[in-house]
Amino acid sequence: MMSLTADEAAATIEEFQQNFELAGVSLDTAAKDLHTSPLHLKQVMNLNVTRIEEPWILRNYLVKIILNHEKEPVPFSKLTGNPKRYRFLNNQYIEEGKLA
């Protein structure tokens with residue numbers, strides 16, 4: 001996982017929760033869309049991930065749905081900008097849009 005302080009991790013988890021609610025999708029639907037299980041999706045939302053790209057995949061998914069509903073997503077404090085600018089991330093994996 002990215003190096004986040006406890007406060008940064010807590011803020012990111014809260015941002016995921018708020019954006020998930022704004023997106024208005026069920027856990028099952030989101031898991032199916034992201035080719036994963038509801039359990040793994042919850043783990044990603046809580047930053048308990050197997051790949052550091054997974055929060056980016058979830059972020060992109062939620063932002064896309066929220067914008068498609070003509071709403072404004074809650075800004076992410078740490079998952080900002082284009083992930084391509086971070087050399088340590090596998091952007092091809094992120095662009096596939098699937099969680100492990």
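The rules behind the values
Residues numbered from 1 in each chain as written. Predicted model: local features only at pLDDT ≥ 70, side-chain atom pairs only at ≥ 80, totals over all residues. Heavy atoms only, no water. Helix = DSSP H or I, 4+ residues; strand = E, 2+ residues; numbered from the N terminus. Buried < 20%, exposed > 50% of the residue type's maximum accessible area, 1.4 Å probe, protein only. Contact = heavy atoms within 4.5 Å. Arc of directions from axis to C-beta.

(A) Region of the structure containing unusual backbone geometry. For L47, which is not glycine, the phi torsion reads 65° and is therefore positive. Locating L47 in the fold gives a position in the loop between α3 (38-45) and α4 (54-68).

(B) Here's a closer look at the environment of F76. Secondary-structure assignment places F76 in the loop between α4 and α5 (91-96). For F76, a relative accessible area of 8% gives the class buried. In this structure, the C-alpha to C-alpha distance between F76 and N19, residues 57 residues apart in sequence, is 9.2 Å. Excluding anything up to four places from it in sequence, F76 contacts E15, F16, N19, R59 and V63.

(C) Looking closely at the environment of W56. With respect to the element layout, W56 can be found in helix α4. The exposure class assigned to W56 is buried, which follows from its relative accessible area of 0%. Through-space distance from the C-alpha of W56 to that of L89 is 9.5 Å; in sequence the pair is 33 residues apart.

(D) How the structure looks around α3. All buried positions along α3 are accounted for by H40, L41, V44 and M45. Burial along α3 is one-sided: seen end-on, the buried residues are contained in an arc of 145°. Tucked inside the fold, the buried residues of α3 contact α1 (6-23), α2 (27-33) and α4. Looking one or two residues past α3, L47 carries a phi angle of roughly 65°, positive in sign.

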